[in-house]
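# Chain and residue survey
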Amino acid sequence: MTQPVYDRIALIGLGLIASSMAHAIRRGNLAGEITGYARSEATRETARRINLCDRICDTAADAVEDADLVVLCVPVGAMGPVMEEIAPKLKPGATVSDVGSVKRHVIEAVQPHIPQGVHFVPAHPLAGTEHSGPEAGFAELYDNRWCLLVPVEGTDPDAVERLRTLWEGMGANVDEMDADHHDLVLAVTSHAPHLIAYTMVGVADDLRRVTDSEVIKYSAAGFRDFTRIAASDPTMWRDVFLTNKDATLEILGRFTEELFALQRAIRTGDGEHLHDYFTRTRAIRRGIIEAGQDTAAPNFGRGTKS
Ligand code: NAP
């Protein structure tokens, strides 16, 4: 049996990401003990019922006491206040990490509350589903997915290495990235696509009022994929856009320009422009499959009902 990476890990916030961590940590025997805390009694009760952690605590202070690693798994906008609350209870030498989808904002909100002698290693697992809450998690969520570590300047390299070992033990491939670069990359690969999906589903919903239920009845895979993305947690995504404002607006600006160019090509019958554009984008899909980040199977390898 391998040695645990940390004696005690505390998970603050018990949604999809934390519950998947709890399952993956247990699968890999990566912690001596896992404690957990969520702000609502209902979530704590659910977590106890499904035996998500070794101990579910009624306060964040109890959960982090004596923990070697504390992972903040709450929406990005809540990271600062939660960190402020637990700061006085942290053990010297402990590491604080997070899983927030935006990194610059989290660093600015959390770092000022990190006590002397406590390490802070921000992280972001690039894995998720549209489901939320403690029952949404599963041990395989991070298998072969990326987890980006975003250490701030001057961080103890041993603390970073230890967190890397944990994420690798949970099945992830780990890379390090600068916070601003992270936020720009994620604006392209995740944040702007989510906004586009939200918009497309909103447009279709408006149209449905005109065409009765045809939009849903005949919805093809493309639109169904949009509805799946647009079903993601509203609080989490509100916070992502409010806190990754500049990068998202930059990408949306570029997106709008490209959309106008395609619109013009359609209006003027410029088939060559459309064909060239779609040829270029098709190559990107092949690249993602070759990098092992998705499958070429029909319907993306999902069952027919998903
Ligand atoms: P989730 O399933 O909705 O769970 C969120 C948890 O945070 C819940 O336990 C909730 O407590 C708690 N919470 C919500 N608002 C809070 C507040 N104001 N103060 C304190 N606690 C609060 O969310 P998730 O999908 O696990 O996401 C958690 C974090 O992971 C977010 O920062 C998100 O950006 C990041 N992330 C998400 C994904 C994804 O695809 N879902 C992927 C990568 C990273 P209650 O249950 O008691 O309300």
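Only a predicted model underlies this, so the values are computations on that prediction, with no experimental measurement involved. (Residues numbered from 1 in each chain as written. Predicted model: local features only at pLDDT ≥ 70, side-chain atom pairs only at ≥ 80, totals over all residues. Heavy atoms only, no water.)

## Some details on the domain arrangement of the protein chain
Many analyses report the size of an interface as the accessible area lost when the parts associate. Put simply, the test is: Note that the domain bounds reflect an automated or database-derived domain assignment. Any two residues whose heavy atoms approach within 4.5 Å are treated as being in contact. By buried area we mean the combined loss of accessible area, with a 1.4 Å probe, across both parts when two parts are placed together.
Split into domains, the protein chain comes out as domain 1 (6-177) and domain 2 (181-297). Inter-centroid distance (C-alpha atoms) of domain 1 to domain 2 is 30 Å. Each partner contributes residues to the interface: domain 1 has 18 residues there, and domain 2 has 17 residues. It is V102, E130 and M177 that lose the most area in domain 1 upon contact with domain 2, and together they represent 37% of the buried surface on that side.

## Some remarks on the nonpolar core
For soluble globular proteins, nonpolar side chains are generally found buried alongside one another. The criterion, for reference: Here the nonpolar core consists of buried residues drawn from Ala, Val, Leu, Ile, Met, Phe, Trp, Tyr and Cys, with membership extended through side-chain atoms lying within 4.5 Å. Only protein chains enter the calculation, and the probe is 1.4 Å; a residue is then buried if its accessible area is under 20% of its type maximum, exposed if over 50%, and partly exposed in between. Numbering of helices and strands runs from the N terminus; a helix is a DSSP stretch of H or I covering at least four residues, while a strand is a stretch of E covering at least two.
One finds M21, Y142, L166 and W167 to be the most contacted residues of the largest nonpolar core, which totals 40 residues. Elements with a minimum of two residues in this core: β1 (6-12), α1 (16-27), β2 (31-37), β4 (69-72), β6 (119-125), β7 (146-149) and α6 (157-169). If you tally residues by element for this core, the top one is α1, at 7 residues. Apart from residues no more than four positions distant in its own chain, Y142 is found in contact with I17, S20, M21, A24, P125, A127, W167, M170, G171 and A172. Core analysis: the second largest hydrophobic core is formed by 32 residues, A67, F120, W237 and V240 among them.

## A look at the pairing of β2
To keep things clear, this is the line we draw: Strands are labelled as partners when DSSP assigns at least two bridges between them. Look down the strands so they point away from you; if going from the first strand over the helix to the second traces a clockwise path, that crossover is right-handed.
Within β2, 6 of the 7 residues are buried, which leaves the element mostly enclosed by the surrounding structure. Of the pairings in the sheet, the one linking β1 to β2 comprises 6 bridges and is parallel in character. Residue pairing in the sheet places I9 in a bridge with I34 of β2. Handedness of the β-α-β unit built from β1, α1 and β2 comes out right-handed. For β2 and strand β3 (residues 55-56), the ladder comprises 2 bridges, and the chain directions are parallel. The partner of G36 across the bridge, within β3, is I56.

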